[in-house]
Amino acid sequence: MTSSQLLGFTTFAYLASAALYLVVFVFRAPRIGPLATLVTAAAWLINTAGIGLRWQESHQMGIGYAPLSNMYESLVFFAWSIAIFYLGLEWRYKNRVLGAFAMPFAFLSMAYASFSTQFGKEIKPLVPALQSNWLIAHVITCFVGYAAFAVACGFGIMYLLRARNEEKGGGTAGGLMATLPELKVIDDLTHKTIIFGFLWLSAGIITGAIWANSAWGTYWSWDPKETWSLITWFMYAATLHARFTRGWAGKRIAWLAIIGFLAVIFTYYGVNFLLSGLHSYGRG
Amino acid sequence: MSKEDNAVWRFFASVKLALFVLFILAATSIIGTLIPQNNPPDFYFQEFGPSLTRLFMILDLHRMYNSWWFLMLLMLFSMNLIICTLDRLPNVWRMVVVDNLATTPERLEKMEQRARFAASDTPAATAGALHGVLAASGWKAKQAERPEGLLLFAQKAAWSRLGVYAVHLSILIIFAGAIIGALFGFKAGVLIPEGATVAEVYEYGTNRPIPLGFELRCNRFEIEYYANGMPKEYRSELTVTDQQRNKTFTRSIEVNDPLDHRGITFYQSSYEPTNEFLIEIENPAAKEKKLFRIPAGQQISWPDTDISFGIINMMEGERGGDTRFKIWFSDGKGEPAVFWMPDSVSATIPRDDQEYAFSLKQIYATGLQVAKDPGVWVVYIGCGLMLIGLYVAFFLSHQRIWVYIRPEGSTSRVLLCGTSNKNRIGFERNFAGIAEKIRQNPSITETEVAS
Ligand code: HEM
């Protein structure tokens with residue numbers, strides 16, 4: 001068994017997980033809910049084992065490093081964070097319909113990691129600048145935050161779907177959308193998820209700054225990656241303030257959760273492949 | 001004029017302005033990620049043409065994060081933050097220190113969470129029992145006599161209301177740190193060949209020499225490679241000689257592990273091969289050995305011998321360490337030897353009657369980034385405060401509970417009520433737990449559940 005086999009399985013396990021949750025939602029089949037949870041938990045364990053094995057393999061190659069150092073590895077970790085964050089939410093809120101809006105992101109991240117030809121997947125030794133514990137802290141904090149923002153985006157979509165349905169007279173009475181949590185509940189979940197993500201993104205920007213300072217002597221150099229993470233941070237800060245000081249809620253917050261996540265994707269993907277900067281290690 | 005109706009104050013204290021500034025900061029920051037920053041004017045001329053270049057120069061878009069208008073935006077942001085905070089802090093502070101035992105019965109009757117009980121004891125005895133119930137749930141209550149009975153009050157994390165302000169203050173602290181760095185620090189670079197010593201470094205952008213106040217020598221520079229040829233580590237061994245402080249020490253630096261002396265930090269950032277070489281030639285038969293430091297492309301003679309040699313060519317390999325050098329060597333007898341050898345090894349040169357040992361090492365210059373930033377600790381303190389403040393603001397809440405006990409004949413009536421500034425659901429759960437414990441007390445019965 002190699003880590004790439006395990007991570008290959010992970011992709012399909014997340015596909016199964018996302019599909020099962022979608023079935024629970026679309027066909028109103030709560031009976032298969034426990035199976036969806038089981039598959040998700042198993043997928044997450046395989047994902048964990050894959051990361052662990054990759055770590056071990058790098059040690060066997062004599063270049064041991066935490067597998068969080070290139071585009072491929074960060075996508076794998078992104079999927080891992082989404083899955084564990086979602087499982088936590090499901091456990092806390094006892095609601096499986098949420099999975100239909102969260103787990104597809106974990107699948108997409110793994111699928112992109114597995115099938116893209118834009119970057120290499122092999123275990124490669126780290127160039128000197130990347131050999132830092134602050135980098136590990138930086139990647140973990142950023143991606144936990146990104147995972148929360150992905151899930152918040154899913155909730156934003158969920159909110160808009162249900163809101164549109166109610167406006168069209170679907171009402172709260174029956175219909176597919178009636179299996180979704182009430183608007184008020186989705187709104188609250190979106191907000192809480194953004195708050196969680198914001199705390200981790202702040203920590204991610206800070207650990208990144210400390211890393212940059214230890215490697216180059218400047219904690220902030222306005223390179224495009226840094227700048228885009230700050231732009232994302234500003235956007236979520238504005239979203240939070242709009243909510244707790246001006247009472248924004250509902251559709252506006254749902255849209256902001258979606259737009260905020262687009263900024264996250266640009267920070268992550270767009271900067272590596274459309275712009276250039278210090279973080280060009282993503283080009284594998 | 002009071003600050004409430006001062007239009008300027010109101011403008012700066014408004015959260016609408018904050019939303020606007022956050023949005024504008026986010027939007028304008030994008031510009032600098034699309035237009036490459038800090039290049040010479042020629043670069044923009046070639047990439048973007050004359051008219052766009054003119055626009056860039058007028059609006060400083062080629063160095064926008066230092067431009068007057070961007071700094072103005074950051075100023076506006078800070079003013080907004082300061083005034084907004086000053087505007088609200090007094091009220092929040094009052095909420096933190098207010099004497100909650102002075103809360104009026106009317107207010108108590110209107111709290112979000114309420115439960116009523118009848119107790120078979122006097123107020124004093126009932127209060128004693130309820131202190132115990134609260135303490136068992138982790139609430140330490142204070143007590144006061146009121147005209148109509150007894151009031152108990154307990155609270156948790158009153159100070160958590162200040163979390164928001166810690167976050168806002170942390171942003172200002174980070175700005176202050178950045179300003180200190182910009183005013184009293186510098187960013188510079190220096191290239192030191194192995195064996196050379198420098199006493200000054202050169203500021204980025206201006207190339208202005210900055211005296212260090214001490215001397216820095218590069219003893220050695222080396223690159224370590226992985227098996228696949230990728231560089232694993234760049235390392236320079238440096239010696240600091242500080243005459244003012246009577247101090248000399250030697251230390252190796254690597255990427256991510258800089259050297260700090262007197263607030264000036266030296267980072268391993270680049271390297272360059274120089275055109276100089278260390279050559280050692282040994283003639284074992286004659287027990288003679290000599291070290292030369294020579295440039296490539298010249299014929300060098302070992303004085304008082306017939307030996308002369310030179311490096312006549314070099315060929316770069318796949319990777320940095322693979323460069324090979326073509327050596328020419330003559331001991332005055334017969335044809336000169338001509339051969340290729342790699343860096344940093346020793347070769348033997350067999351001649352008619354004896355063998356020579358010939359070793360070669362190319363001299364490198366280490367490229368150091370040099371930074372002095374006395375503001376960096378201020379920035380880090382701001383960052384730490386921000387994380388603590390965010391945690392407090394998001395996850396802690398100020399929860400308050402009152403118990404109002406009034407006599408009714410020889411028995412008492414009890415009003416339990418409370419409120420929380422955040423996390424309603426969590427507080428409801430806490431409150432219900434306390435009400436349940438009170439209900440379990442044999443001398444108390446519930447009379448009515450409110451809300
Ligand atoms: C990007 C920078 C900023 C960050 C990270 C930030 C962070 C926060 C946080 C974490 C809260 C607490 C939210 C809660 O209670 O759950 C908050 C509240 C608030 N912020 Fe900011 N803030 C920023 C900029 C600003 C600015 C520029 C203003 C200027 C007006 C402002 C005004 C407020 C106000 C009025 C509150 C509500 C305070 C209260 O509840 O009494 N913030 N901010």
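Residues numbered from 1 in each chain as written. Chains lettered and ligands numbered in written order. Predicted model: local features only at pLDDT ≥ 70, side-chain atom pairs only at ≥ 80, totals over all residues. Heavy atoms only, no water.

Here we look at the side chain of B:H261
Residue and element names in this part refer to chain B.
Alright, step 1. Considering the arrangement of structural elements, one finds H261 in strand β9 (residues 259-261).
Alright, step 2. On the accessibility criterion, H261 (5% relative accessible area) is buried.
Alright, step 3. Side chain to side chain, H261 and D242 meet in a polar contact 2.8 Å long.
Alright, step 4. Residue contacts for H261: discarding those within four places in its chain leaves F214, V240, D242 and F249. (Helix = DSSP H or I, 4+ residues; strand = E, 2+ residues; numbered from the N terminus. Buried < 20%, exposed > 50% of the residue type's maximum accessible area, 1.4 Å probe, protein only. Polar contact = N/O pair within 3.5 Å; in protein donor to acceptor, adjacent residues only side chain to side chain. Contact = heavy atoms within 4.5 Å.)

Quick notes on the domain arrangement of chain B
Alright, step 1. Assigned domains of chain B: these are domain 1 (3-94), domain 2 (99-157 + 397-448), domain 3 (182-273 + 367-386) and domain 4 (274-359).
Alright, step 2. Using only C-alpha atoms to locate each centre, domain 2 of chain B and domain 3 of chain B end up separated by 64 Å. (Domains from an automatic or database assignment.)

Let's talk about helix α5 (residues 133-167) of chain A
Alright, step 1. The end-to-end C-alpha separation of α5(A) is 51 Å, in line with the 51 Å expected for 35 residues at 1.5 Å each.
Alright, step 2. After α5(A) finishes, the residue A:G169 shows a positive phi value of roughly 95 degrees. (Expected span 1.5 Å × (residues − 1).)

Looking at the pairing of strand β11 (residues 288-295) of chain B
Regular strands place their side chains on alternate faces of the sheet.
Residue and element names in this part refer to chain B.
Alright, step 1. Here eight bridges tie strand β10 (residues 264-283) to β11, and the two strands are oriented antiparallel to one another. Paired with N283 across the bridge in β11 is E288.
Alright, step 2. Between β10 and β11, which pair antiparallel and follow one another directly, the connecting turn spans four residues, one of which, K287, has a positive phi of 50 degrees. (Pairing = 2+ DSSP bridges.)

A look at the interface of chain A and chain B
One widely used convention gives an interface's size as the accessible area the parts lose upon coming together.
Alright, step 1. Contacts between chain A and chain B engage 42 residues on the former and 43 residues on the latter.
Alright, step 2. For chain A, the biggest contributors to the area lost against chain B are A:P128, A:Y219 and A:F234; these three give 17% of the whole.
Alright, step 3. Within the residue set of the side of chain A that touches chain B, elements represented by two or more residues are α6 (183-216) and α7 (224-246) of chain A.
Alright, step 4. Grouping the amino acids of the side of chain A that touches chain B by side-chain chemistry returns 30 nonpolar, 10 polar and two charged. (Buried area = accessible area lost by both parts, 1.4 Å probe. Nonpolar A, V, L, I, M, F, W, Y, C, P; charged D, E, K, R; others polar.)

Focus: the packing of aromatic side chains
Alright, step 1. What the rule picks out here adds up to 50 aromatic pairs over all chains.
Alright, step 2. Between the aromatic rings of A:F198 and B:F394, the centroid separation amounts to 6.4 Å while the plane-to-plane angle is 75 degrees, which identifies the pairing as edge-to-face. Of this pair, A:F198 sits in helix α6 while B:F394 sits in helix α9 (residues 376-395), placing the two residues on different chains.
Alright, step 3. Take A:F198: its relative accessible area is 5%, and that puts it in the buried class.
Alright, step 4. Given the relative accessible area of 18%, B:F394 is considered buried.
Alright, step 5. Here the aromatic cluster, defined as three or more aromatic residues joined through ring pairs, consists of A:F198, A:W233, A:F234, B:F77, B:F175, B:Y391, B:F394 and B:F395.
Alright, step 6. When the ring centre of A:W248 is taken as origin, the NZ or CZ atom of A:R252, which lies over that ring, is 4.3 Å away.
Alright, step 7. The aromatic ring of B:F292 is capped on one face by B:K290, whose charged end is 5.6 Å from the ring centroid. (Phe/Tyr/Trp six-rings, centres within 6.5 Å; stacked < 30°, edge-to-face > 60°. Lys NZ or Arg CZ within 6 Å of the ring centre and 35° of its normal.)

What to know about the domain arrangement of chain A
Residues and elements named next belong to chain A.
Alright, step 1. As assigned here, chain A comprises domain 1 (1-117) and domain 2 (128-279).
Alright, step 2. Just the C-alpha atoms count here: the centres of domain 1 and domain 2 sit 19 Å apart.
Alright, step 3. Listed by partner, the interface residues are 23 residues for domain 1 and 32 residues for domain 2.
Alright, step 4. Here domain 1 packs against domain 2, burying approximately 2,500 Å² in sum over the two surfaces, 84% of which is carbon and sulfur.
Alright, step 5. Among the residues domain 1 hides against domain 2, the three largest losses belong to F78, F85 and F101. Together they make up 24% of the total.

Side note on the nonpolar core
Alright, step 1. Membership of the largest hydrophobic core comes to 129 residues, with the highest contact counts inside it found for A:Y14, A:F78, A:W233 and A:F261.
Alright, step 2. Ranked by residues supplied to this core, first place goes to α5(A) with 17 residues.
Alright, step 3. In this view, A:F261 contacts A:F78, A:F105, A:Y146, A:F149, A:A150, A:C153 and A:Y236; residues no more than four positions away in its chain are not counted.
Alright, step 4. Core analysis: the second largest hydrophobic core is formed by 23 residues, B:L134, B:L152, B:L416 and B:F431 among them. (Core = buried A, V, L, I, M, F, W, Y, C linked by side-chain atoms within 4.5 Å.)

Considerations on the pattern of salt bridges
Residue and element names in this part refer to chain B.
Alright, step 1. Taken as a whole and assessed by the stated rule, the structure comprises 25 salt bridges over all chains.
Alright, step 2. The residue E109 makes a salt bridge to R406 at a minimum N-O spacing of 3.6 Å. Residue E109 is located in helix α6 (residues 105-109), and its partner R406 is located in strand β18 (residues 399-408); the two are separated by 297 residues in the primary sequence.
Alright, step 3. Look at E109 and you get partly exposed, because its relative accessible area is 29%.
Alright, step 4. Overall, R406 belongs to the buried group, its relative accessible area being 12%.
Alright, step 5. For R235, the salt bridge goes to E222, with nearest N and O atoms at 3.1 Å. Of the two residues, R235 is situated in strand β7 (residues 231-242) and E222 in strand β6 (residues 209-225); the sequence distance between them amounts to 13 residues.
Alright, step 6. A relative accessible area of 32% places E222 in the partly exposed class.
Alright, step 7. In this structure, a network of salt bridges that share partners links the residues R220, E222, E224, K232, R235, E237 and E254. (Salt bridge = Lys/Arg side-chain N within 4 Å of Asp/Glu carboxyl O.)

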